[in-house]
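Below, each chain spelled out in residue letters.
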Amino acid sequence: MKLNSFIVVLLLVATIATTSCSNRKVTRVDPSEQIDLSGSWNNTDSRMVSDQLINQILGEKWLTDHVTAKGKKPVVIVGMVVNKSHEHIEAETFVKDLERACLLSTKIGLVQSGKLREELRAEKADQQSNASQSTMKKFGLEHGADYILQGSINSIVDAYKKRKAVTYQVNLELTNLESNEIVWIGDKKISKYIKN
Amino acid sequence: MAFASFAQTQTSLEPDQNPNYLQSQNRYMMMKDSLIASENTTPQQTYKAYDWYQAKLDNRAARRETRREIRLANAYNYNNYYSPYNYGYNNFGYNNFGFNNFGYNNWWSMRPLIGYRSGNWNFCY
């Protein structure tokens, strides 16, 4: 009797041990759901930054000033966003949200920049000797940007024993390419308190 | 010469076309092949995100591998006079500070380090 109960317990333990080893379960979640695991920069932070900056860039005075002065919507090129924080943060996640919001609003025009622009020009160069004359795109007809969007990501970390306070500050600024005048600065601060 | 070959005779400009467009055109004609070589591909610019659990598993695997290698090396160099693991000499019973005193009523220390429990070993001395 005792031996039987011992075998049953042993089997139960063995079952739990074997099943717990392969216990990985994956579920799809809504990207807007707030999930904080380690306290590091995550999807929620990126979304908060983009929401805030979209509201700021589309709702401030520089836009109406430009349209009043020039009579057309401003054209913006995205420059460099420097990550000076203590973590790996990809600015492209919120900058793309920002670009998309600008395009959807139809108030701001965007031109391509960086490596993607290099590729566009190389493709255009390739067309000069390979494409038919009627479909070949010409050099010298790109839209020149009126403003450049640049920025930085900073962080401040204060940790003691098992507690940590982190503040992220994302700054984006828009500068008039002709006059070097800064026409807009957007910022978003996110503070976190992490207790282990 | 190369530039001159690309530099076409400047035809009439389109309305609003940049009159210096040939400078850019010639520049990109020189390097277009390398730039468009990556078209229709997915360059990987990935990074390794820190995963606490995965790091723990990796560390555990590394520790096991290290221990296994040490066991193998010890077994291989068990009676090897020139082995670096024996520090150049097998000091059987002499100046060994109490360690590995082979031959002095310490049969246990003469067992091989792997295969002992399974009996899959040959005693060679």
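Because the structure is predicted, anything quoted here is derived from the model rather than measured.

Criteria and thresholds
- Residues numbered from 1 in each chain as written.
- Chains lettered and ligands numbered in written order.
- Predicted model: local features only at pLDDT ≥ 70, side-chain atom pairs only at ≥ 80, totals over all residues.
- Helix = DSSP H or I, 4+ residues; strand = E, 2+ residues; numbered from the N terminus.
- Rg over C-alpha atoms; globule rule 2.2 N^0.38 Å.
- Buried ≥ 20, exposed ≤ 12 C-beta atoms within 10 Å, placed from the backbone.
- Contact = placed C-beta atoms within 7 Å.
- Axes fitted to C-alpha atoms, helices over the stretch in contact; angles between N-to-C directions.
- Left-handed = near helix turned anticlockwise from the far one by under 90°.
- Nonpolar A, V, L, I, M, F, W, Y, C, P; charged D, E, K, R; others polar.
- Expected span 1.5 Å × (residues − 1).
- Arc of directions from axis to C-beta.

Novice: How would you summarise the overall build of chain A if you had to cite specific residues and measurements?
Specialist: Counting secondary structure elements, chain A contains five helices and five strands. Going from the N terminus to the C terminus, chain A shows its helices and strands as α-α-α-β-α-β-α-β-β-β. Taken over C-alpha atoms, the radius of gyration comes to 26 Å for chain A, far larger than the 16 Å a tight globule of 196 residues would show. In terms of overall dimensions, chain A has a C-alpha envelope of 95 × 50 × 25 Å along the principal axes. The proportion of buried residues among the 196 residues of chain A is 18%.

Novice: Residue-level account of the interface of chain B and chain A, with values.
Specialist: Taken together, the 15 residues of chain B in the interface contact 14 residues of chain A. For the side of chain B that touches chain A, the element with the highest residue contribution is helix α2 (residues 21-36) of chain B, accounting for nine residues.

Novice: I'd like a description of the packing of helix α2 (residues 43-59) of chain A against helix α4 (residues 92-105) of chain A, backed by residues and values.
Specialist: Residue and element names in this part refer to chain A. In the contact formed by α2 and α4, the axes pass within 9 Å of each other and the chain directions differ by 35°. For α2 against α4, the interelement crossing comes out right-handed. Along its contact with α2, which presents S46, V49, S50, L53, I54, I57 and L58, the element α4 presents T93, F94, D97, L98, A101 and S105. For the contact of α2 with α4, a count of residues per class yields eight nonpolar, four polar and one charged.

Novice: Can you lay out helix α5 (residues 114-130) of chain A for me, pointing to particular residues and giving the numbers?
Specialist: Along its 17 residues, α5(A) runs 25 Å from first to last C-alpha, staying within 8% of the 24 Å computed at 1.5 Å per residue. Every buried residue belonging to α5(A) is among A:R121, A:A122, A:K124 and A:A125, and all of these are buried. Buried residues of α5(A) fall within an arc of 155° about the axis and therefore sit on the same side. Seen from the buried face of α5(A), the exposed residues on the opposite side, beyond 90 degrees, are A:K115, A:L116 and A:N130. Packing partners of the buried residues in α5(A) comprise α2 of chain B.

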